[in-house]
Amino acid sequence: MNKRVTIEMPEEMHRLIAEYAAQAGAEPDTYMKDVLEQHLEDLHDIALAEAAMERIRNGERTYTLEEVKIRLGLDD
């Protein structure tokens, strides 16, 4: 189920959103939905990367490219 969200923003921000949406060939509301979706995906990716870095800092084994190639039989 979709939910509607209303936000107040400075006129200049609204103008920029309309401008960028036009450049992308989208309506401002569709453009903002896409921007928010991309930002949320980026936050998720950052959280995964930070978790991986923490595991590495805590001693999780890592492999060199050469080790991976050998392990996968790609060392031709």
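In the block above lies the structure referred to throughout.
Everything in this summary refers to the structure shown in the same document.

What counts as what
- Residues numbered from 1 in each chain as written.
- Predicted model: local features only at pLDDT ≥ 70, side-chain atom pairs only at ≥ 80, totals over all residues.
- Heavy atoms only, no water.
- Salt bridge = Lys/Arg side-chain N within 4 Å of Asp/Glu carboxyl O.
- Helix = DSSP H or I, 4+ residues; strand = E, 2+ residues; numbered from the N terminus.
- Buried < 20%, exposed > 50% of the residue type's maximum accessible area, 1.4 Å probe, protein only.

## Considerations on the pattern of salt bridges
Here is step 1: Taken as a whole, this structure holds five salt bridges when the rule is applied.
Here is step 2: The partner of Glu19 in a salt bridge is Arg15, with the nearest N and O atoms 2.8 Å apart. Of the two residues, Glu19 and Arg15 both sit in helix α1 (residues 11-24), four residues apart, roughly one turn of that helix.
Here is step 3: Classification of Glu19 as partly exposed rests on a relative accessible area of 33%.
Here is step 4: Of the charged contacts, one joins Arg55 and Glu60 as a salt bridge, the two residues approaching to 3.0 Å between their closest N and O atoms.
Here is step 5: Taking the relative accessible area as the measure of exposure, Glu60 reaches 40% and is therefore partly exposed.
Here is step 6: Salt bridges sharing common partners tie together Glu12, Arg15 and Glu19.

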